[in-house]
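# Understanding the architecture of this molecule
Here is what each chain is made of, one letter per residue.
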Amino acid sequence: MKDGDPMTATPANVVLKGLASVFAIAGAMLAAAAPAAAQANADAIKRGEYIFRAADCAPCHTDTKNKGALLAGGRALPTPFGTFYSPNITADPVNGIGKWSDGDFTRALREGVSPDGSHYFPVFPYTSFTLMTDQDIKDLKAYIFSLPTVALANKPHDIGFPFNLRFLQVGWKMLFFTEGVYKPDPAKSAEWNRGAYLTEALGHCAECHTPRNLLGGMDRSRWMAGSIDGPEGEMAPNITPHEATGIGEWDDIDLAYMLKTGAVPGGDVVGSLMAEVIRESTSKLTDADRTAMAKYLLSLPAVDHKIEKPR
Amino acid sequence: MKYRVNKTAMIAGLAICLTGVAGLVQAADEPANVIKYRKSLMTANTSHMGAMGEFAKGTVTFKGGFVEFATAINAISMQIPALFPAGSNTGAETRAKPEIWSKRDDFVAAAKKLETESAKLIVAAKGTDENALKAQITATQQACGGCHETFRSR
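Reading the values: the criteria
Residues numbered from 1 in each chain as written. Chains lettered and ligands numbered in written order. Predicted model: local features only at pLDDT ≥ 70, side-chain atom pairs only at ≥ 80, totals over all residues. Heavy atoms only, no water. pLDDT = per-residue confidence, 0-100. Contact = heavy atoms within 4.5 Å. Buried area = accessible area lost by both parts, 1.4 Å probe. Salt bridge = Lys/Arg side-chain N within 4 Å of Asp/Glu carboxyl O. Polar contact = N/O pair within 3.5 Å; in protein donor to acceptor, adjacent residues only side chain to side chain. Helix = DSSP H or I, 4+ residues; strand = E, 2+ residues; numbered from the N terminus. Pairing = 2+ DSSP bridges. 1 Å grid on protein atoms, 1.4 Å probe; cavity = no way out; pocket = protein on both sides within 12 Å on 5 of 7 lines; lining within 4 Å. Points joined across faces, edges and corners; volume = space filled by probe spheres on them. Nonpolar A, V, L, I, M, F, W, Y, C, P; charged D, E, K, R; others polar. Phe/Tyr/Trp six-rings, centres within 6.5 Å; stacked < 30°, edge-to-face > 60°. Buried < 20%, exposed > 50% of the residue type's maximum accessible area, 1.4 Å probe, protein only.

### Side note on the confidence of the model for chain B
All names here are of chain B.
- On average, residues of chain B carry a pLDDT of 89, and 82% of them reach 70 or more.
- Note that residues 20-25 has pLDDT below 50 and, in this model, zero contacts with residues that lie over four places away or in other chains.
- Here the predicted complex carries an ipTM of 0.84, next to a pTM of 0.86.

Written out as structure tokens, the structure reads:
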């Protein structure tokens, strides 16, 4: 080799070559890291979309009746305590949740507390979402943040005194709210635990199908046993396996098929709010998940509770 | 000749009058009876769909008569808008929602969806592909639910 040849192994060249290699490797790592991060986010969004469906977020947070934009809020939610209007949960930084950190989002679902520290009314079912895993909550946020933002201001709730006093929610929570992620029951099968998680944490079925007391707390002794004053003044049927007053004559195939199609044994196809749940949520789940939910629900204690409108 | 022309005109006039009266009588059906009538047809749909639904679940293998069942549902689907004339929202127990009359175009479109899906169900029932038949039974039931979601309570 000639003197001055770049390949000559002088000490200086060795250092230069070493540096070049370091830069090359660092560059390669950076180049690889960017797509890896993008891929991880794409995976989170994909998982989050399934959580979004299973948790049925869209119907309450979208004013479909008035052709409102997805998740821009404003849907009227009439309750015995007054009419609530769902908030904008698009990632709009001013009107929506665009400025929320992962911690803010987790706290909202786990504790029912907004980033400014105020307490949510339990019309937002944090009472069920508290059971969600950290991973599912993070994935859900990734999905919601991947959707279009909408600059629509929130509409104030229309609820009477004293129910409009948010600080009273502290007392309500002490009485009726148990915070904490779902703890699988090791004595039960993986399928049963999956069904319990889908039904209780994500699907929040009990929020409508469990009767409430005068203060709006769920009556745990009649879990899933139906409510005559469900949302929008509709009755929510008893979905415990009680032969006479519930769904004791159904098997898991019937129930899984109902969650897919809305068709109940005998052929009627459910309407109103449950039709919306099926269209937006349960029809989008896997067959295995619907079957797990069905088996879980049919394993609950049968409660004798006839749901009938007083005439 | 003149007499004969007049007689023909008279008969034609009478016929028009009678048709008009018949139309009026039909429009004046008692709401309670309209509700009874349409509930019977909805029950027919329920029974046919319910039976085919059991096949779609895979719990029975019966599929005799499915072409006729689908044809009946298709025929009934075409009657749905007429089964809900103005004023038939009360008179007897009914789960019909006011949106049937306030969002008439959407209601007619939802009924049309059942007509489309049940027409496909006739085709699927005539075919030999059981999975396609099951899928179309599900799609037809979802068309039922698509209307019930907005236009029927529960």
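### Concerning the interface of chain A and chain B
- Contacts between the two partners involve 22 residues from chain A, matched on the other side by 25 residues from chain B.
- Taken together, the two surfaces of chain A and chain B that pack against each other cover about 1800 Å², and 50% of this comes from carbon and sulfur.
- Our count for the chain A to chain B interface comes out at three salt bridges.
- One salt bridge connects glutamate 149 of chain B with arginine 279 of chain A, and the closest N-O pair in it is separated by 2.7 Å.
- Counting across the interface, chain A meets chain B through 12 residue pairs in polar contact (both at pLDDT 80 or more).
- Of all the secondary-structure elements, those providing two or more residues to the side of chain A that touches chain B are helix H9 (252-261) and helix H10 (272-280) of chain A.

### Here we look at the pairing of strand S1 (residues 76-79) of chain A
Residues and elements named next belong to chain A.
- As judged from the four bridges shared by S1 and strand S2 (residues 82-85), these two strands associate in the antiparallel manner. Within S2, the residue paired with threonine 79 across the bridge is glycine 82.
- Hairpin connection, S1 to S2: the antiparallel pair is bridged by two residues.

### Here's the deal with empty space enclosed by the protein
- Considering all chains together, one arrives at one cavity of 30 Å³ or more under this definition.
- Counted as a void, the largest cavity has a volume near 30 Å³.
- Around the largest cavity, the lining residues are Tyr257, Ala263, Val264, Pro265 and Gly267 of chain A together with Met49, Gly50, Gly53, Glu54, Lys57 and Gln141 of chain B.
- Ranked by the residues each element gives to the lining of the largest cavity, the list is headed by helix H2 (residues 31-57) of chain B, at five residues.
- When grouped by side-chain class, the residues that make up the lining of the largest cavity number five nonpolar, four polar and two charged.

### Some remarks on the packing of aromatic side chains
Residue and element names in this part refer to chain A.
- All told, the structure shown has 15 aromatic pairs over all chains when counted by the stated rule.
- Centre to centre, the rings of phenylalanine 52 and tyrosine 143 are 5.0 Å apart; their planes meet at 55°, and the pair counts as tilted. Taken together, the positions of phenylalanine 52 in helix H1 (residues 11-54) and tyrosine 143 in helix H5 (residues 134-145) put the pair 91 residues apart, joining distant regions of the chain. Side by side, phenylalanine 52 and tyrosine 143 carry an identical accessibility label, which is buried.
- Note on tyrosine 120 and phenylalanine 124: the rings are 5.4 Å apart at their centroids and 75° apart in plane angle, and the pair reads as edge-to-face.
- On the basis of relative accessible area, tyrosine 120 is assigned to the buried category, the value being 18%.

### Topic: the environment of leucine 214 of chain A
Residue and element names in this part refer to chain A.
- Of note, leucine 214 is situated in the loop between helix H8 (206-209) and H9.
- Here leucine 214 falls in the exposed class, since its relative accessible area comes to 80%.
- Sequence separation between leucine 214 and threonine 199 is 15 residues; the distance between their C-alpha atoms is 25 Å.

### A closer look at unusual backbone geometry
Residues and elements named next belong to chain A.
- The omega torsion of the bond from phenylalanine 161 to proline 162 falls at 0°, within 30 degrees of zero and hence cis.
- Its location among the elements puts proline 162 in the loop between strand S3 (158-159) and helix H6 (168-176).
- One non-glycine residue, lysine 67, lies in the positive phi region at around 55°.
- Inspection of the secondary structure assignment puts lysine 67 in the loop between helix H2 (57-61) and S1.

### Considerations on helix H7 (residues 190-202) of chain A
Residues and elements named next belong to chain A.
- Here H7 lies mainly inside the structure; 10 of its 13 residues are buried.
- Taken residue by residue, H7 has Trp192, Asn193, Gly195, Ala196, Tyr197, Leu198, Thr199, Glu200, Ala201 and Leu202 as its buried positions.
- Directly after H7, the chain includes histidine 204, whose backbone phi takes a positive value near 40°.

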